[in-house]
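Listed below, chain by chain, are the residues.
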Amino acid sequence: QVQLVESGGGLVQPGGSLRLSCAASRSIRSLNPMGWYRQAPGKERELVALISTDGSTTYVDSVKGRFTISRDNTKNTMYLQMNSLKPEDTAVYYCNGRLWSGHVWGQGTQVTVSS
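Residues numbered from 1 in each chain as written. Predicted model: local features only at pLDDT ≥ 70, side-chain atom pairs only at ≥ 80, totals over all residues. Heavy atoms only, no water.

1. Some points on the state of the cysteines
Reasoning step 1: Under the criterion given, the structure shown has 1 disulfide.
Reasoning step 2: What pairs with Cys22 in a disulfide is Cys95, and their sulfur atoms sit 1.8 Å apart. In this structure the cystine formed by Cys22 and Cys95 twists about its S-S bond by roughly -70°; its chirality is therefore left-handed. Pair noted here: Cys22 is in strand β3 (residues 18-24) and Cys95 is in strand β9 (residues 91-99), with a separation of 73 residues, a long-range link. (Disulfide = S-S within 2.5 Å. Helix = DSSP H or I, 4+ residues; strand = E, 2+ residues; numbered from the N terminus.)

2. Some remarks on unusual backbone geometry
When glycine is set aside, most residues are seen to have a negative phi, and most peptide bonds are trans.
Reasoning step 1: Between Asn32 and Pro33 the backbone carries a cis peptide bond, its omega angle lying at -5°.
Reasoning step 2: Tracing the sequence through the fold places Pro33 in the loop between β3 and β4 (34-39).
Reasoning step 3: For Asn76, which is not glycine, the phi torsion reads 55° and is therefore positive.
Reasoning step 4: As for its position among the elements, Asn76 is in the loop between β7 (67-72) and β8 (77-82).
Reasoning step 5: Despite not being glycine, Ser84 has its phi angle at roughly 50°, a positive value.
Reasoning step 6: Residue placement: Ser84 occurs in the loop between β8 and β9.
Reasoning step 7: Classification of Ser84 as partly exposed rests on a relative accessible area of 41%. (Buried < 20%, exposed > 50% of the residue type's maximum accessible area, 1.4 Å probe, protein only.)

3. Notes on the pattern of salt bridges
Reasoning step 1: With the rule as written, the count across this model stands at 4 salt bridges.
Reasoning step 2: Note that Glu46 is salt-bridged to Arg38, the shortest N-O span being 2.7 Å.
Reasoning step 3: Here Arg38 falls in the buried class, since its relative accessible area comes to 6%.
Reasoning step 4: Taken together, the shared-partner salt bridges connect Arg38, Glu46, Arg66 and Asp89 into one network. (Salt bridge = Lys/Arg side-chain N within 4 Å of Asp/Glu carboxyl O.)

4. Things to note about the nonpolar core
Reasoning step 1: In this structure, Leu4, Met34, Trp36, Leu80, Met82 and Tyr93 are the most contacted members of the largest nonpolar core, which totals 29 residues.
Reasoning step 2: Of all the elements in the fold, those that place two or more residues in this core are β3, β4, β5 (46-51), β7, β8, β9 and β11 (109-113). (Core = buried A, V, L, I, M, F, W, Y, C linked by side-chain atoms within 4.5 Å.)

5. What to know about the side chain of Thr109
Reasoning step 1: As for its position among the elements, Thr109 is in strand β11.
Reasoning step 2: Under the relative-accessibility criterion, Thr109 is labelled buried at 11%.
Reasoning step 3: Side-chain polar atoms of Thr109 contact the backbone nitrogen of Gly9, separated by 3.3 Å.
Reasoning step 4: For Thr109, the residues in contact, after removing those within four places along its chain, are Glu6, Ser7, Gly8, Gly9, Leu20, Ala91, Val92 and Tyr93. (Polar contact = N/O pair within 3.5 Å; in protein donor to acceptor, adjacent residues only side chain to side chain. Contact = heavy atoms within 4.5 Å.)

6. Here's the deal with the sheet that holds strand β1 (residues 4-7)
Reasoning step 1: Pairing is antiparallel in the open sheet, where 4 strands are placed in the order β1-β3-β8-β7. Only two strands of the sheet have a single partner each, and these edge strands are β1 and β7. Averaged over all neighbouring strand pairs, the angle between strand axes comes to 15°, with direction disregarded.
Reasoning step 2: In terms of strand pairing, β7 meets β8 through 6 bridges, oriented antiparallel. If you follow Ser70 over to β8, its bridge partner there is Tyr79. (Pairing = 2+ DSSP bridges. Axes fitted to C-alpha atoms, helices over the stretch in contact; angles between N-to-C directions.)

As structure tokens, then:
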């Protein structure tokens with residue numbers, strides 16, 4: 001069964017950047033779409049960005065122009081480049097992929113934006 005593992009989170013100052021990675025244990029070609037979600041304390045989990053196998057992307061309005069989602073099928077890895085980070089971006093970020101049978105989730109990685 002496919003497993004997803006996030007990495008790249010950490011503590012950054014406002015205006016800084018982070019690149020999150022989501023490594024899959026097997027080919028990600030069967031995961032369509034893949035996406036990044038986030039959950040802040042006391043908040044519902046929200047969709048941040050999606051990417052389909054054809055390369056089409058979707059972003060939540062609050063991150064448009066700042067975040068970029070991408071996937072590398074050769075490396076079986078999905079990425080989220082986060083620039084111009086704001087304190088409101090602080091959350092646990094989760095990698096997700098959809099199989100024919102349902103969703104697969106990573107364990108999450110903490111992103112904290114604070115001065």
